[in-house]
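Inside the fold
Residues per chain are reported as follows:
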Amino acid sequence: MNTLSYKTVSANRNTVNKEWVLVDADGQTLGRLASKVAMLIRGKYKPNYTPHVDCGDNVVIINAEKIILSGNKWTDKSYIRHTGYPGGQRSLTATELFKKDPTRIVEKAVKGMLPKNKLGNALFKNLNVFAGAEHDKQAQKPKTINLNDLR
């Protein structure tokens with residue numbers, strides 16, 4: 001009997017092939033960049049994507065200081081945190097956070113698009129953001145990718 005057998009392939013830690021990817025954030029809009037990077041980190045562009053496994057790539061983002069926010073978001077968007085003490089709610093605008101550390105805006109945007117569980121925390125460790133064009137991940141030989149080519 002000659003029958004085809006279609007079996008669902010579920011990736012695990014041993015069968016996953018992780019790559020290093022380099023993304024240039026120069027002139028990119030923050031939210032569009034973050035959503036595509038989150039999908040790369042999650043592994044959704046791969047044919048063997050498995051929701052409960054870290055099967056995505058390691059992503060290096062350079063030129064985080066050259067991102068674009070549309071509209072009045074530089075002044076209106078606020079990043080809220082809490083110190084843990086009563087009345088300890090603090091907020092920063094996007095401009096203030098950008099002056100402190102330009103990489104944190106990109107990191108916060110990508111982290112907000114990852115799952116809110118242990119897997120999301122593990123996936124977030126696969127992200128490396130650098131403010132300038134230089135990065136310290138040359139040893140991994142990251143493959144440059146154009147985000148505009150991704151759907």
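What counts, and where the lines are drawn
Along each chain, the written sequence defines residue order, and numbers are assigned to residues from 1. For this predicted model, a pLDDT threshold of at least 70 governs which residues receive local features, and a threshold of 80 or more governs which side-chain atom pairs are given and counted, while totals over whole chains, interfaces and linings are taken from all residues. Think of the side-chain values as coming from all heavy atoms in the structure, minus any hydrogens and water. We count a stretch as a helix when DSSP gives it H or I for four or more residues in a row; a strand needs E for two or more, and each element gets its number in order from the N terminus. Only protein chains enter the area calculation, which uses a 1.4 Å probe; residues under 20% of their type maximum are buried, those over 50% are exposed, and those in between are partly exposed. Accessible surface area values rest on a Shrake-Rupley calculation with a 1.4 Å probe, where residue burial reflects the displayed protein chains alone. Positive charge is attributed to Lys and Arg, negative charge to Asp and Glu, and no charge count is given to His or to the chain ends. Where a charge lies is defined by one atom per residue type: Lys uses NZ, Arg uses CZ, Asp uses CG and Glu uses CD. Only strands joined by at least two bridges in the DSSP assignment are considered to pair. Looking down the strands as they point away from you, a crossover is right-handed if its path from the first strand over the helix to the second goes clockwise. Think of a 1 Å grid over the protein atoms and nothing else: a 1.4 Å probe that fits but is trapped marks a cavity, an open set flanked by protein within 12 Å on at least five of seven lines marks a pocket, and residues with an atom within 4 Å of a point count as lining. Grid points are joined across faces, edges and corners, and a volume is the space filled by probe spheres set on the points. Note on residue classes: Ala, Val, Leu, Ile, Met, Phe, Trp, Tyr, Cys and Pro are nonpolar, Asp, Glu, Lys and Arg are charged, and everything else, Gly too, is polar. Should any heavy atoms of two residues lie within 4.5 Å, those residues are counted as being in contact.

Right, let's get into the overall build of the chain. The number of helices and strands found in the chain is five helices and six strands. When the elements of the chain are put in sequence order from the N terminus, they spell out β-α-β-α-β-β-α-α-α-β-β. Over its C-alpha atoms, taken along the principal directions, the chain stretches across nearly 70 × 40 × 30 Å. Within the chain, the fraction of its 151 residues that count as buried is 38%. Accessible area for the chain stands at about 9800 Å²; split by element, carbon and sulfur atoms hold 50% of it. For the chain, the distance from the average position of its 25 positive side-chain charges to the average position of its 13 negative side-chain charges is 10 Å.

Leave glycine aside and you will find that most residues have negative phi; peptide bonds, for their part, are mostly trans. One non-glycine residue, N63, adopts positive backbone phi at about 60°. Inspection of the secondary structure assignment puts N63 in the loop between strand 2 (58–62) and helix 2 (73–76). Its identity is not glycine, yet K141 carries a phi of approximately 50°, on the positive side. Within the fold, K141 resides in the loop between strand 5 (127–129) and strand 6 (143–145). You can call K141 exposed: its relative accessible area is 69%.

A word on the pairing of strand 2. The side chains of a regular strand alternate, first on one face of the sheet and then on the other. Where burial is concerned, most of strand 2 is hidden: five out of the five residues are buried. Covered by surrounding structure in strand 2 are N58, V60 and I62 together with V59 and I61, the residues of both alternating faces. As defined by bridge partners, strand 1 (residues 20–24) adjoins strand 2 across five bridges and the pair is classed as parallel. Residue pairing across strands places W20 opposite N58, the latter belonging to strand 2. Note on the crossover from strand 1 through helix 1 (residues 30–42) to strand 2: the handedness is right-handed. Across three bridges, the pairing between strand 2 and strand 5 is parallel. Each bridged residue has a counterpart across the sheet, and for I61 the counterpart in strand 5 is V129.

Turning next to the layout of surface pockets. Estimates place the volume of the largest pocket at around 200 Å³. Taken together, the elements giving at least two residues each to the lining of the largest pocket come down to helix 1 and helix 4 (102–111). Here the residues of the lining of the largest pocket are counted per class, giving six nonpolar, three polar and three charged.

Attention shifts here to the environment of D26. Take D26: it is sitting in the loop between strand 1 and helix 1. Between the alpha carbons of D26 and A64 there is a distance of 7.1 Å; along the sequence they are 38 residues apart. Contacts of D26, omitting those with residues within four sequence positions, involve N63 and K66.

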